[in-house]
Amino acid sequence: MQGTVVRVCVVVAAAILNHPLLFPRENTTIPERDDQVIARMREHEEKLLAEKARLEREASQVEQGVQPSPDVEESSSWDLWSALSMIVFLMIEIWRQDYHDTTAQDPTYEEEDSLPLGNVSLKIPLPDKAVLSCFYERCIRISANETWRVQDFVEGFADDLLEALRSVCNRDADMEVEDCIGVGSMYENWRVSKPLICDLIVPFAAPDPYCFTFQLWCNSQNDIPPDRQGYGRIKVVRANEDGPGCVCGKTDLGEDMLCLLHSKNERPKVSDAMDDLLCSKNTPYLAKDQVMKWFLISMTKAWNCISHKYDFELMFRNLDSPGALKVKFRSGKTIIFNITPVVQFEDTDAYFVSHFAFNNDNPSDIFWPLSFAVYEKNLMKVLVKRLPESSCHICCLQIISFLHKKQTSLTGESALTNYHLKTALLHLLLSKPSSDWRAEYLEKRLRDVLRFLEKCLQEKKLYHVLIGNKQVPKHINFPPVFQAAEPLNLFRPLVLQRDLYAKTVEHFQEMLKNAPVLIQEYTPLFPNGSHHIDFNHGAQI
């Protein structure tokens, strides 16, 4: 009996150990494993047929009154357990086939990402504060005078250009252009790369008697797709038709029906000039492509009107972004700036942007991304007032931005942008005590930001610093509709695109590994081997 039990255990163990689902062989394909399974099943089938014949002989012996020998009894017991093990094996195989078919047919099925980041940011030997300060002075710090000169020139020229644009536009049909607003790294004092680039946004409004109404992703009543979080639509309507309007202006009531609100001669007319108002075809929604085309033509006309006043050449750097301009002087010096047309959301400082310089994603012409750059600039100013004098937060952001730019030149573009770096810093500024940002803590805070980004990449979650964040100070007057919304994940594209996620993780890991070498390489040494250090300039930009 004990021998029988042992043999049964051996058969069951062999069935499990040889099963391809539980212990797949390396470097084998699914068809190869199926052939092996079929071969083993045939062997078991032959054994079962042999045992069936033996059982028939034993049954005939019993009928004839011949008692089977102990070996035959043991063999019968062995055959019973073999059959049971075969049934178990077949059930497992059937389950494996069903499992494989289900996962093959399900387009949403995907293996877990095998891209562990670990704690690379904690293992990287970053230089001490002396070397970091020297590196900052040598490679990153830009004089305040140079920044102000560029801003002053760009703003003055942009005002002149926009004034000329207004003069060439048809005041009764074209969009009404307002004054430009400076946003971005140049106006937040952390610009790194040269030449310096100013980013300006120019709000525009619909001509009378039209106006804009807005549909936001965070409003459950609107049909904004889930993958368009942070977007909205801009609808062009008559100023006196904020709602659905009177039905008499939209349907044919017939001769026997009268409107009690409007006489026959006073019926409101449905606008047939939506194309002239830069709307998408057959819709009342403002189209980004139409706006960009109108802006390009208007800017060209405006420059032709004032070009005789200036002794330089104005060029469009990118036709896909008509506001990307470059001024080239006779001396060869150039100044680069961006003017982007935007639509103001109601009476707030939030703007629908026609084009983001760091985002080429353009899924639909009628969905506009929202920019909170003005609120982010104000948030930075509020937080700086709490920090100690000569704090290291700007230095920290500039160093990481410099490393990111150098790594991009080595491995190419990834999903990681300077906007993500700034968002990570703002999160830490909100959560850490002000005293932690003193100048002598530069190395620690630099590692904190890198560690925060690493954790966000690991989880594929980096939330917008303003939307749905209860830590935002109330006195920056962030609109309640956005503060009450669900937090917006800026890393959502990494969840949906596996290849993009892998490339971004690789980019970030390489940036971390190259950081110590890159900093040392750009840090000057004097003949005595010491580094030149100047703590007085810190983050004074």
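Attention in this report is confined to the structure presented alongside it. Source: prediction; values computed, not measured.

1. Brief notes about the environment of Val-183
Inference 1: Counting through the fold element by element, Val-183 comes out in strand 2 (residues 181-183).
Inference 2: The class of Val-183 is buried, set by a relative accessible area of 8%.
Inference 3: Expressed as a C-alpha distance, the spacing of Val-183 and Val-374, which sit 191 residues apart in the sequence, is 6.5 Å.
Inference 4: Among all residues touching Val-183, those that are not within four sequence positions of it are Asp-199, Ile-201, Ala-373 and Val-374.

2. Description of the packing of aromatic side chains
Inference 1: Counted by the stated rule, this structure contains 25 aromatic pairs.
Inference 2: Relative to Phe-312, the ring of Trp-303 lies with its centre 5.9 Å away and its plane at 10 degrees, an arrangement referred to as stacked. Accessibility assignment for this pair places Trp-303 and Phe-312 in one class, buried.
Inference 3: With centroids separated by 5.3 Å and ring planes inclined at 90 degrees, the aromatic side chains of Tyr-375 and Phe-478 adopt a geometry described as edge-to-face.

3. Brief notes about helix 6 (residues 144-168)
Inference 1: The terminal C-alpha atoms of helix 6, which comprises 25 residues, lie 36 Å apart, in line with the 36 Å expected from a rise of 1.5 Å per residue.
Inference 2: Of all the positions in helix 6, only Thr-147, Val-150, Gln-151, Val-154, Phe-157, Ala-158, Asp-160, Leu-161, Leu-162, Ala-164, Leu-165 and Arg-166 are classed as buried.

4. A look at the packing of helix 10 (residues 393-411) against helix 12 (residues 442-459)
Inference 1: With their axes 9 Å apart at the nearest point, helix 10 and helix 12 run at an angle of 55 degrees to one another. In terms of their interaxial angle, helix 10 and helix 12 are classed as oblique. Every pair of crossing elements has a handedness; the one defined by helix 10 and helix 12 is right-handed. Only Leu-442, Arg-445, Leu-446, Val-449 and Leu-450 of helix 12 make contact with helix 10, whose side of the interface consists of Cys-395, Cys-396, Ile-399 and Ile-400.
Inference 2: Residues of the contact of helix 10 with helix 12, tallied by class, amount to eight nonpolar, no polar and one charged.

5. Describing the side chain of Gln-483
Inference 1: Checked against the element boundaries, Gln-483 lands in helix 13 (residues 480-483).
Inference 2: A relative accessible area of 18% places Gln-483 in the buried class.

6. Some points on the packing of helix 10 against helix 11 (residues 418-431)
Inference 1: Interhelical geometry of helix 10 versus helix 11 gives an angle of 155 degrees and a closest axis separation of 10 Å. Between helix 10 and helix 11, the angle is such that the two are roughly antiparallel. Of the two possible hands of crossing, helix 10 and helix 11 adopt the one that is right-handed. In contact with His-393, Leu-397, Ile-400, Ser-401 and His-404 of helix 10, helix 11 contributes Asn-418, Leu-421, Lys-422, Leu-425 and Leu-429.
Inference 2: Looking at the contact of helix 10 with helix 11 residue by residue, the classes come out as five nonpolar, four polar and one charged.

Analysis parameters
Residues numbered from 1 in each chain as written. Predicted model: local features only at pLDDT ≥ 70, side-chain atom pairs only at ≥ 80, totals over all residues. Heavy atoms only, no water. Helix = DSSP H or I, 4+ residues; strand = E, 2+ residues; numbered from the N terminus. Buried < 20%, exposed > 50% of the residue type's maximum accessible area, 1.4 Å probe, protein only. Contact = heavy atoms within 4.5 Å. Phe/Tyr/Trp six-rings, centres within 6.5 Å; stacked < 30°, edge-to-face > 60°. Expected span 1.5 Å × (residues − 1). Axes fitted to C-alpha atoms, helices over the stretch in contact; angles between N-to-C directions. Parallel < 35°, antiparallel > 145°, perpendicular 65-115°, else oblique. Left-handed = near helix turned anticlockwise from the far one by under 90°. Nonpolar A, V, L, I, M, F, W, Y, C, P; charged D, E, K, R; others polar.

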